[in-house]
Amino acid sequence: MTLTQEQVDFFHENGYLILPRELDSGKVMELFGRTKELLSDFSLEDHPMTTFSTDETAHVGDDYFLGSSDKVRFFFEGDAFGVDGELLKPKEKAINKIGHSLHVHDSKFRDATVNGRNKAIAQALGISDARVLQSMIICKQPEIGGAVPSHQDSVFLYTDPPSAVGFWYALEDCTAENGALSFVPGSHKWAGISKRMVRTNGASGGTGFINIEGISTPREPASEEFVMPECPAGTLVIIHGSILHKSETNKSEKSRYAYTFHMIDGSCKYDNKNWLQIPPTDEGGANFTRLYDEA
Ligand code: FE2
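Because the structure is predicted, anything quoted here is derived from the model rather than measured.

Thresholds applied
Residues numbered from 1 in each chain as written. Predicted model: local features only at pLDDT ≥ 70, side-chain atom pairs only at ≥ 80, totals over all residues. Heavy atoms only, no water. Donors = N, O, S within 2.8 Å, 3.2 Å for Na, K, Ca; no water. Buried < 20%, exposed > 50% of the residue type's maximum accessible area, 1.4 Å probe, protein only. Helix = DSSP H or I, 4+ residues; strand = E, 2+ residues; numbered from the N terminus. Polar contact = N/O pair within 3.5 Å; in protein donor to acceptor, adjacent residues only side chain to side chain. Salt bridge = Lys/Arg side-chain N within 4 Å of Asp/Glu carboxyl O. Core = buried A, V, L, I, M, F, W, Y, C linked by side-chain atoms within 4.5 Å. Contact = heavy atoms within 4.5 Å. Pairing = 2+ DSSP bridges. Axes fitted to C-alpha atoms, helices over the stretch in contact; angles between N-to-C directions.

Enquirer: Would you take a moment to explain the coordination of the iron ion for this structure?
Expert: Think of it this way: four donors in a tetrahedron around the metal ideally sit 109.5 degrees apart, and six in an octahedron ideally sit 90 or 180 degrees apart. The protein atoms that coordinate the iron ion are H151 (NE2), D153 (OD) and H245 (NE2), at distances of 2.2 Å. Here the donor residues of the iron ion share one chain and are spaced in sequence as H-x1-D-x91-H. Here the two residues H151 and D153 agree in accessibility, since each one is buried.

As structure tokens, this is what we get:
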């Protein structure tokens, strides 16, 4: 059930860990099929057509986004729309991601998240009180799947000290053609978390970034520093919150569905400047799913 010492050492050394065949083909088909259902069942009627972009200058933070922490909501690819705002693709092929509370509201994704294996992995990695705070299906659609530039997850899921860890499951084969993940091995050791995304309620949208005092901005890695591990469907990738990673656009004819969730360590401070707060309380992560209690 747990990780080998070699796997734990690899994670601490490199900032990521590949676990091949973590999901068998039946489980992959189940989660893939459920994703298809969600995409075909959601309604365009009264949908605000919110897009999702990781471009820091883009507007991420309308009410539909900010209110998604305890719901299952659908965010569009920017390139799914034409110049006049018309949808260029069928809705099933236009969604960038579904989030952020599948691990609470969808039984199949809850089972894939809150279970004994993931508890054992989190414990092996030394997380003292694992709290799952968000989950997403990333669609990386054929032809329009957007790139995600180099980033660190702890910027978006900030704790003091930083503690975010991502679990990322390939639901389809991920290749260079359809926008696989790539990492700068070991960058979690030299790249500090120098800024964080916060709620601003400003004119340009509901979120922005502030600098973390005393931490210098990490240098931009050269493209040859990134490695792209092989990720056939069923692979689990564990991602340290400070590692620099990215994915390219998907211009191919194949989608690249993945399921991902993040946890933080409940022993670290999660404050209410973070965009992600689970109602009804605003008390820094009090309502996150406690993996060690609930699994
Ligand atoms: Fe990420």
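Enquirer: Is there a simple way to explain helix α6 (residues 116-124) in this structure?
Expert: Because an α-helix packs 3.6 residues into every turn, residues spaced three or four apart end up facing the same way. Taken together, the buried positions of α6 are R117, N118, A120, I121 and A122. Structurally, the start of α6 carries an N-cap: the backbone nitrogen of R117 is 3.3 Å from a side-chain oxygen of N115.

Enquirer: What am I meant to see in the pattern of salt bridges here?
Expert: Once the charged atoms of two side chains with opposite charge are near each other, the side chains can pair. Applying the stated rule across the entire model yields 13 salt bridges. In the salt-bridge network here, residues are joined through shared partners; they are R34, E37 and D106.

Enquirer: Is there a simple way to think about the environment of E213 in this case?
Expert: Inspection of the secondary structure puts E213 in the loop between β9 (205-211) and β10 (236-240). A sequence separation of 132 residues divides E213 from F81, and the C-alpha atoms of the two residues are 39 Å apart.

Enquirer: What exactly am I supposed to notice about the nonpolar core here?
Expert: What tends to happen in soluble globular proteins is that the nonpolar side chains get buried as a cluster. F167, I238, Y259 and M263 are the most contacted members of the largest nonpolar core, which totals 59 residues. Of the residues forming this core, the biggest block, five residues, is contributed by helix α2 (residues 25-41). By size, the runner-up hydrophobic cluster in this structure holds twelve residues, among which are W168, C174, V237 and I243.

Enquirer: Help me understand the side chain of S69 in this model?
Expert: When you line up the elements, S69 lands in the loop between α3 (63-66) and β2 (72-76). On the accessibility criterion, S69 (2% relative accessible area) is buried. Within the structure, S69 has its side chain in polar contact with the backbone oxygen of Q277 (distance 2.8 Å). When near neighbours in sequence (up to four residues on either side) are disregarded, S69 contacts H100, S101, L276, Q277, I278 and P279.

Enquirer: Could you clarify how one ought to interpret the sheet that holds strand β5 (residues 148-151) in this entry?
Expert: If you walk across this open sheet you meet the three strands as β5-β11-β7, and the pairing is antiparallel. This sheet does not close on itself; its edge strands, each paired only once, are β5 and β7 (181-183). The sheet shows a mean angle of 15° between the axes of neighbouring strands, taken without regard to direction. Taken together, the three bridges between β7 and strand β11 (residues 245-247) define a ladder with antiparallel strand orientation. When the sheet's bridge partners are listed, S182 is paired in β11 with K246.

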